[in-house]
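Results of the structural survey
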Amino acid sequence: MLKYLLKRFFWMIPLLVGISLISFMIMHLAPGDITSSEASFNPKASEESRQKLRELYSLDKPVIVQYSLWMKRMATLNFGTSFASHQRPVFWQTKDKDGNVTLGMIQEALPITLLINVLSLILIIAIALPLGVISALKQNQLADRVITLFVFIGFAIPGFWLALMLMYWTGVQHNWLPISGLQSLGHEHLHWLGKTLDTLKHLALPVFISAITGLAGIALFVRNGMLEVLHQDYITTARSKGLNEHRVIYGHALRNALLPLITIFGLSIPGLIGGSVIAESIFAIPGMGKLFYDAVLMRDFPVIMGILTIGALLTLIGNLVADVAYAWADPRVRRGVMQ
Amino acid sequence: MTWVLLTALMVSCGDSSSNKSIHTIDYSKDYPANSGGTLIDAMTGEPSGLIAMIAGESAASAIAGNIFNSLLKYDKNLELTGELAKSWEISADQRTITFHLKPDLKWADNTALTSDDVLFTWQKVTDEKTRTPYGSDFKLVTVAETPDANTFRVTYKAPYAPALDTWAGLHILPKHLLKDQDINTTAFARNPVGSHYYKLEQWKNGQYLKLTRNVNATQGQAKIDHLLSRIIPDKAAQFLELSADNIDSMGLNPIQYARIFPARPELNKNIALYKELGNSYTYLGFNLKRKPFDDIRVRQAINYAINKQEIIDGVLLGLGEPVASPYKPGTRWSNPVLKPYPYDPAKAKALLKAAGYEDHDGDGIIDKDGKPFSFEILTNQNKEREMTGVLIQRRLKEVGIDANIRVLEWASFLGRFIKPKEFDVVVLGWSLSLDPDQYSIWHSSQQAPGQFNFISYSNPRVDKLLEAGRLELNPDKRMKIYHEFSAILLEDSPIVYLSAGYGLSAIHKRVRGISNPAPPAGIGHNTYEWNIPQAYARSEMSEH
């Protein structure tokens, strides 16, 4: 097992280099750079000054040279600083000679996005699992139809529209929940309990919106997994043994039906750091989606590459974790790995 | 289950905040102006830092403009006046400008602000290592000196009339805090010390910036204690926050201003609407290097064929006005005699016929030498410009011109079409500049890739006027030069002026002292006089 893990880890390095090279090339295929944003199309900013900026950021060099410069920095785990004029560090905080700390952009955005996505994933599992099981047990009956309809409506409804409607209903009409932002003004003056409650209130809608749109996939996955398992011979065996229906369903069927979910969760690890641009813009949440989107529009290459690299790394780790978890959960797979 | 969870959460926090009785306050009473209160506004983007010469985004200039002073500023009629400078003199040869600072100026940290700081700022903006796109105007200064602590003198190689405008745009930075710092990366950008009405109290990344009144302000004391700018990228979300009385002011789009507000009387009870002259105009620009746009008759014909009022009514919902020169209507530089080309399809057809274009084959599209008159209107992803393009397309069809519209993302628009001049016609915008100098847009020497005369306009008389305008510092003589320049530009029709949209804002009625109707400089000209009567201040802000 250890040998297998080491081999997998070793292979991640060339994969990461390959992914980063391809990302870098594609990024540079798009026309324009940081000096050609719409805001800089200003007669007060001369072409010579823009050329000077290009030189300062090494944008005048061939792409492959720029890539090797980036690689050289990355070898020391230095993600560089943003091109956006005041050059905040891309990944982690830095300290200047006077002791002023500048926080990294990903360092600030990541925890927010992670929190929302983890909360919404928990909510999705908490709702999708029972819905999926009920659906499977009552296949083609009223309950199944209602549940399927409900999750599909959630899947099909435009998230931004639902978000705005809920913001209007809960925020403007009833003043139950804050409309946008992460914290209330005056958040610092609150007691820790008040702070937690304040943050939860701000996160309620974004988490709900993100969960309702993601519900359908998992619920239907559980439903179909259950249906397949319920028709297996060992379920018939279990029933003929005289086990009660409760144990048949939760002790035998569900445990097997959940196996493929491990893969899905493994693959959703990189998704945890990717925020939705639309939701983050509407709710004014400074998360990863908005960070990446703005960086792409600005052609802020170090930020784009930083997020892509971390995303690639997490995807590879997610795959590995899923495989290992699968092996741990399913003896058949375990035996295959060992050989 | 979600509903249960959500409802439980809502109910649990419902009681604490639902006692806001915003709908019952009568905002029409008169109160004497008092100081205090917090004004909360919303902006769509976050500044990268607050040193404007480095940052460059509009969000940065908006905030930094409350923190830093320049030597000069524009008054409410958009005339130059002193800000840090009490007065200025121009030498007889027009090459030297001497600025006299007001006495006893102070930085917010109580250090004296002297001509040394001004000199230091000039050195920084012209430094090769400074990552600013705005250095070139200041590099024209050959000698900058400080005869004494209150005097700053610059000498140019040749008279440079836009100089005064450039000094009105340069925020003076404190030497004592920045002299040992790398201005590109300094922490000062996120923790600035300035000299204007406000100083930065708190910056919560991605959430808000809070400014507090600067007791050492060089321009007197503002009335409102705190300015809080929340970062809300989405305009619809801003609008909801405004409706729920969580923010006091926001910029509106024409639909919100002309459709939503009139339909919602409960909003009008608490919120007042303002409109002011915008800062830019939209135009249709011809690639003058391509046939047949090198023919003035074709350009004028298209100008006559386009109905500008229809664009203002349809795209801006009437919230804009036509322009006939690249200057703000009603200001000194705008030539009052000039009128936009009227909508006159008959005249357009006659001009096209004179240029050789007629519908010879009867397919509804005019042609010349067997080639139909067909071209592409290029614009970037901007709803208003796209809609403008559609209206133009229809009007051109009526005179027999076949126009197609192509919409592109900005960077590819610029990189693949504008720079290599691979376009027929563009719909774009330019700013209505405060200084009349537009050398970089219209002078024939400014046509290289990446420069701003990308339509390749070239007229020797205009070149001469633009050169003369740069050498003349006397405002009255300068005005004559630019009035003639605008007249030729209108006649030549290298671009078709389409519309200049108004700046639209909604501000809560608790905020008093706002000029309505707005003077040429807009409602923001006297923000230091804005005030919030105590009776109307937000209760939940009292803990601050």
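Since this is a predicted model, take the numbers as computed values, not measurements. (Residues numbered from 1 in each chain as written. Chains lettered and ligands numbered in written order. Predicted model: local features only at pLDDT ≥ 70, side-chain atom pairs only at ≥ 80, totals over all residues.)

**Quick word on the overall build of chain B**
The condition is simple: Put simply, DSSP H or I for four residues or longer makes a helix, DSSP E for two residues or longer makes a strand, and each gets a number counted from the N terminus. For a compact globule the rule gives 2.2 Å times the number of residues to the power 0.38, and the radius of gyration it is set against comes from C-alpha atoms. Counting other C-beta atoms within 10 Å of its own, a residue is labelled buried from 20 upward, exposed at 12 or fewer, and partly exposed in the gap between, with every C-beta atom placed from the backbone. A pair of residues counts as a contact when their C-beta atoms, built from backbone coordinates, are separated by no more than 7 Å.
Per the secondary structure count, chain B includes 18 helices and 21 strands. Whereas a compact globule of 544 residues would reach a radius of gyration of roughly 24 Å, chain B reaches 26 Å, a difference of no more than 12%. Dimensions of chain B along its principal axes, counting C-alpha atoms only, are 80 × 70 × 45 Å. Counting every position in chain B, which comprises 544 residues, the buried fraction comes to 45%. In chain B, 68% of the contacts between residues at least 6 apart in sequence involve partners at least 24 apart.

**Description of the overall build of chain A**
The helix and strand inventory of chain A stands at 14 helices and two strands. Counting only C-alpha atoms, chain A reaches 85 × 60 × 40 Å along its principal axes. Expressed as a percentage of its 339 residues, the buried residues of chain A come to 35%. Intrachain contacts of chain A at a sequence separation of at least 6 include 65% that bridge at least 24 residues.

**Quick look at the packing of helix 4 (residues 105–137) of chain A against helix 5 (residues 142–156) of chain A**
Residue and element names in this part refer to chain A. Selection criterion: In this description, a line fitted to the C-alpha atoms serves as the axis of each element, helices being fitted only across the stretch in contact, and the angle between N-to-C directions of two axes falls anywhere from 0 to 180 degrees. Geometric relationships in this document are graded by angle, where less than 35 degrees denotes roughly parallel, more than 145 denotes roughly antiparallel, 65 to 115 denotes roughly perpendicular, and other angles denote oblique. With the far helix as reference, a near helix turned anticlockwise by less than a right angle produces a left-handed crossing, and one turned clockwise produces a right-handed crossing.
Relative to each other, helix 4 and helix 5 sit at 140 degrees, their axes nearing to 8 Å. As judged from the angle between their axes, helix 4 and helix 5 are oblique. Between helix 4 and helix 5 lies a crossing whose hand is left-handed. Residues L131, I134 and S135 of helix 4 form the contact with helix 5, whose participating residues are A143, D144, I147, T148 and V151.

**What about the interface of chain A and chain B?**
Here is the rule: For this scheme, ten residues count as nonpolar: Ala, Val, Leu, Ile, Met, Phe, Trp, Tyr, Cys and Pro. Four count as charged, namely Asp, Glu, Lys and Arg, and the remainder, Gly too, count as polar.
At the interface, 58 residues of chain A touch 55 residues of chain B. Residues belonging to the side of chain A that touches chain B are distributed by class as follows: 29 nonpolar, 19 polar and ten charged.

**Side note on the sheet that holds strand 14 (residues 320–321) of chain B**
Paired through their backbone hydrogen bonds, the strands of a sheet run either parallel or antiparallel. All names here are of chain B. Keep this limit in mind: One bridge is not enough; two strands pair if DSSP finds at least two bridges between them.
With respect to topology, six strands assemble into an open sheet ordered 14-20-13-19-17-18, the strand pairing being mixed. Edge positions in the sheet fall to strand 14 and strand 18 (402–408), since each has one partner strand and no second. Against the sheet, helix 15 (residues 410–418) touches strand 17 (374–380) and strand 18, its axis set at about 135 degrees to strand 17.

**Observations regarding the environment of N256(A)**
Residues and elements named next belong to chain A. With respect to the helices, strands and loops of the structure, N256 is situated in helix 9 (residues 245–257). Residue N256 is classed as partly exposed on the basis of its 18 C-beta neighbours within 10 Å. Spatially, the C-alpha atoms of N256 and K195 are 41 Å apart, while their sequence positions differ by 61 residues.

**Observations concerning the sheet that holds strand 6 (residues 141–148) of chain B**
Residue and element names in this part refer to chain B. A sheet is described by the order of its strands in space; here four strands give the open sequence 4-5-7-6, paired in antiparallel fashion. If you trace the sheet from one side to the other, it starts and ends with strand 4 (85–90) and strand 6, each paired once. Going from strand to strand, the sheet's axes swing by 15 degrees on average, the running direction of each strand aside. One ladder, built from five bridges, connects strand 5 (residues 96–101) with strand 7 (residues 151–156); its direction is antiparallel. Residue pairing in the sheet places F99 in a bridge with F152 of strand 7. Contacts from helix 4 (residues 115–126) reach strand 5, strand 6 and strand 7, with the element oriented near 165 degrees to strand 6.

**Observations regarding unusual backbone geometry**
Residue and element names in this part refer to chain B. A cis amide bond links K291 to the next residue, P292, at an omega of 0 degrees. Relative to the assigned elements, P292 resides in the loop between strand 13 (280–286) and helix 11 (296–305). Residues N516 and P517 are joined by a peptide bond in cis, for which omega reads 5 degrees. Note on placement: P517 falls in the segment after strand 21 (503–508). A positive phi angle, close to 60 degrees, is found at K421, a residue other than glycine. Structurally, K421 is set in the loop between helix 15 and strand 19 (425–431).

**Here we look at the nonpolar core**
What counts, and what does not: Among buried residues, those of type Ala, Val, Leu, Ile, Met, Phe, Trp, Tyr and Cys that are joined through C-beta atoms within 7 Å form a set called a nonpolar core.
Counting residues in each nonpolar core, the largest one holds 210 residues, and the members touching the most others are L215(A), A219(A), L50(B) and I51(B). By residue number, the principal contributor to this core is helix 7 (residues 192–230) of chain A, which donates 17 residues. The residues contacting I51(B), other than those within four sequence positions of it, are L173(B), I183(B) and A189(B).

**Side note on helix 14 (residues 383–398) of chain B**
All names here are of chain B. Defined as follows: The span expected for a helix works out to 1.5 Å for each residue beyond the first. Our arc is simply the arc of the directions from the helix axis toward the C-beta atoms.
Across its 16 residues, helix 14 extends 24 Å between first and last C-alpha, which sits within 8% of the 22 Å expected from 1.5 Å per residue. Where helix 14 is concerned, the buried positions are R385, T388, G389, I392, R395 and L396. End-on, the buried residues of helix 14 take up no more than an arc of 130 degrees, which puts them together on one face. Projecting away from the buried face of helix 14 at angles above 90 degrees are the exposed residues K383 and E398. G400 occupies a position one or two residues after helix 14 and carries a positive phi of about 90 degrees.

**Some points on the environment of K157(B)**
Residue and element names in this part refer to chain B. The topology assignment puts K157 in the loop between strand 7 and helix 6 (163–168). Residues K157 and A55, 102 residues apart in the sequence, show an inter-C-alpha distance of 29 Å. In this structure K157 touches L140 and T142, once residues within four positions along its chain are discounted.

**Thoughts on the confidence of the model for chain B**
Residue and element names in this part refer to chain B. The condition that has to hold: Predictor confidence is given residue by residue as pLDDT, running from a minimum of 0 to a maximum of 100.
When pLDDT is averaged across chain B, the result is 89; 94% of the residues are at 70 or more. Counted against residues more than four places away or in other chains, residues 1–22, with its pLDDT under 50, gives 22 contacts. Confidence estimates for the predicted assembly give a pTM of 0.85 and an ipTM of 0.83.

**Here's the deal with the pairing of strand 20 (residues 495–501) of chain B**
Consecutive side chains of a regular strand alternate in pointing toward one face of the sheet and then the other. Residues and elements named next belong to chain B. With respect to burial, strand 20 is a largely interior element, seven of its seven residues being buried. The pairing of strand 14 with strand 20 spans two bridges and is antiparallel. By the bridge assignment for strand 20, E321 is matched with A500.

**Let's talk about the confidence of the model for chain A**
Residues of chain A with pLDDT of at least 70 account for 98%, and the chain-wide mean is 84. Looking across chain A, the model is least confident in helix 14 (residues 331–338) of chain A, with a mean pLDDT of 68, and most confident in helix 6 (residues 159–173) of chain A, with 90.

**Regarding helix 12 (residues 308–315) of chain B**
All names here are of chain B. By the burial criterion, the buried members of helix 12 are K308, I311, I312 and V315. The buried residues of helix 12 occupy one face: seen down the axis, they fall within an arc of 100 degrees. Taken together, the buried residues of helix 12 touch strand 14, helix 14 and strand 20. Downstream of helix 12 by one or two residues, L317 has phi in the positive range, about 50 degrees.

**Here's the deal with the environment of H100(B)**
Residue and element names in this part refer to chain B. Along the polypeptide, H100 turns up in strand 5. Looking at H100, the number of C-beta atoms within 10 Å reads 19, which means it is partly exposed. When the C-alpha positions of H100 and N150 are compared, they lie 5.8 Å apart, and in sequence the two are 50 residues distant. Leave out the neighbours within four places in its chain, and H100 touches A85, K86, S87, W88, N150 and T151.

**Regarding the pairing of strand 17 of chain B**
Residue and element names in this part refer to chain B. To keep it simple, the criterion reads: Crossover handedness is defined here as right-handed if the route from the first strand over the helix to the second strand goes clockwise, with the strands pointing away from the viewer.
Across seven bridges, strand 17 lies against strand 18 in parallel orientation. Within the sheet, the bridge partner assigned to S374 lies in strand 18 and is D402. A crossover links strand 17 with its parallel partner strand 18, the connecting element being helix 14, and its sense is right-handed. One ladder, built from two bridges, connects strand 17 with strand 19; its direction is parallel. If you follow L378 over to strand 19, its bridge partner there is V426.

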